[in-house]
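Listed below are the residues making up each chain.
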Amino acid sequence: MSSFVLVHGGSHAAWCWEDMVGHLNRPALAVDLPGRGADPRQLRRLTAGDFVDAVTGEIERADLRDVVLVGHSLAGVVVPAVCARIPERIAALVLMAAAVAPPGGRIVDLLPAPVRILSLIQHRFGVRSPALPRALARRAFCNDMSPEQARRTLDRLVPEAVQLVVEPVPRPALPPRLPVIYIRFTRDRIITPDRASVMIENLGGAEVVDLDAGHDGMISRPELVAAALNAVSRERSGS
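Residues numbered from 1 in each chain as written. Predicted model: local features only at pLDDT ≥ 70, side-chain atom pairs only at ≥ 80, totals over all residues. Heavy atoms only, no water.

### A look at the overall build of the protein
Filter applied, for reference: Going along the chain from the N terminus, every DSSP run of H or I of four or more residues is numbered as a helix, and every run of E of two or more is numbered as a strand. Categorising residues by exposure relies on relative accessible area from a 1.4 Å probe, with only protein chains included: less than 20% of the type maximum marks a residue as buried, more than 50% marks it as exposed, and the intermediate range marks it as partly exposed. By the convention used here, residues are in contact when the closest approach between their heavy atoms is within 4.5 Å. Accessible surface is estimated by sampling points in the Shrake-Rupley manner with a 1.4 Å probe; for residues, cover comes only from the protein chains shown.
Helix and strand counts for the protein come out as 9 helices and 6 strands. Within the protein, the fraction of its 239 residues that count as buried is 56%. Within the protein, residue pairs in contact and separated by at least 24 positions form 73% of the contacts whose partners lie at least 6 positions apart. Surface exposure of the protein reaches about 10,100 Å², of which carbon and sulfur atoms provide 52%.

If you want it as structure tokens, here you go:
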């Protein structure tokens, strides 16, 4: 049976998937990236390679195969490299509102101006704070959430390794014939539909699924997002 591996985005952790996993049709492993959860390393020392190592290690330790690998937001820096490293274990790649720079490019150059400026300032001065101030985070992540969903989300945001956003990150070629699906959230205020189209071009193309949700659709619309992932799983497994 295939399984899902869920990789969160910037300022989030594995908790962001908790409302969605119960609606999935396959077992799911939600990974905590380094710098939070059980792996609280110093953020300024972390690299994209550390994140790739963490996800790859989780998959290998659990001996997972036929994996539907899901990366949200900043995980677009991470999950393509995981696919390149262990292609024999990956059945499909799903990029959800994911940031994908062109080869040699920077994620920060693709983001809205307030987020871009804040990220550059944080990187320059080594500020250790959540990736976005609470007011900006509310606007970016919570525009389609209930008050309770927004409160829980904002209360659990964590500091982030901002260098992953502002420094060029090499992106290896995806394995040939790997199915790649990009979930575009039509209410997203960070990776807007127009920006998502640029990300898809940077990928070299993907099957596109549009969902009526904001950037954190797995929190605001967990059943809707789970249904889209279940469809990917069924298509890969033939059941």
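Picking up where we left off.
### Regarding helix H1 (residues 48-61)
Structurally, the α-helix is built with 3.6 residues per turn, so residues lying three or four positions apart point the same way. The criterion, for reference: Here the expected span of a helix is defined as 1.5 Å times the quantity of residues minus one.
Look at H1: 20 Å from first C-alpha to last across 14 residues, which is about the 20 Å you get at 1.5 Å a residue. Of the positions making up H1, those classed as buried are Ala48, Asp50, Phe51, Val52, Ala54, Val55, Thr56, Gly57 and Ile59. Looking one or two places after H1, you find Asp63, whose phi comes out positive at around 50 degrees.

### Description of helix H4 (residues 134-141)
Inclusion rule: As used here, the arc belongs to the directions running from the helix axis to the C-beta atoms.
Residues of H4 that are buried: Ala137, Ala140 and Phe141. Burial along H4 is one-sided: seen end-on, the buried residues are contained in an arc of 75 degrees. Opposite the buried face of H4, at more than 90 degrees from it, the exposed residues are Ala135 and Arg139. Where H4 is buried, its residues contact helix H5 (147-156).

### Looking at the packing of H4 against H5
As a reminder of what qualifies: Every angle, taken between N-to-C directions, lies between 0 and 180 degrees, and every axis is a line fitted to C-alpha atoms, over only the stretch in contact when it is a helix. Angular relationships are summarised with four words: roughly parallel below 35 degrees, roughly antiparallel beyond 145, roughly perpendicular across 65 to 115, and oblique for the angles in between. In a left-handed crossing the near helix is turned counterclockwise from the far helix by less than a right angle, and in a right-handed crossing that turn is clockwise. When residues are sorted by character, Ala, Val, Leu, Ile, Met, Phe, Trp, Tyr, Cys and Pro go into the nonpolar class, Asp, Glu, Lys and Arg into the charged class, and all the rest, Gly among them, into the polar class.
Across the interface, H4 lies against H5 with an axial gap of 10 Å and an inter-helix angle of 130 degrees. For the element pair H4 / H5, the angle class is oblique. Here H4 and H5 pass one another in a crossing that is right-handed. On the side of H4, the interface is formed by Arg134, Ala137 and Arg138, while H5 contributes Ala150, Arg151, Leu154 and Asp155. Considered class by class, the residues forming the contact of H4 with H5 number 3 nonpolar, no polar and 4 charged.

### Description of the sheet that holds strand S5 (residues 180-185)
The strands that make up a sheet are held in pairs by hydrogen bonds between backbone atoms, and each pair lies either parallel or antiparallel. Note the threshold: Strands are treated as partners if at least two bridges between them are detected by DSSP.
The strand order across the open sheet formed by 6 strands is S2-S1-S3-S4-S5-S6, and the pairing between neighbours is parallel. The open sheet has two edge strands with one neighbour each: strand S2 (28-31) and strand S6 (207-211). Going from strand to strand, the sheet's axes swing by 20 degrees on average, the running direction of each strand aside. Bridge analysis of strand S1 (residues 3-7) against strand S3 (residues 67-72) gives 5 bridges, and the strand direction is parallel. Pairing of Val5 across the sheet is with Leu69, part of S3. The strands touched by helix H7 (residues 193-203) within the sheet are strand S4 (90-96), S5 and S6, with S5 carrying the most contacts at an inclination of about 165 degrees.

### Considering the environment of Val70
The topology assignment puts Val70 in strand S3. Not counting chain neighbours up to four residues away, the residues in contact with Val70 comprise Phe4, Val5, Leu6, Val7, Trp17, Val79, Val94, Met96 and Leu229.

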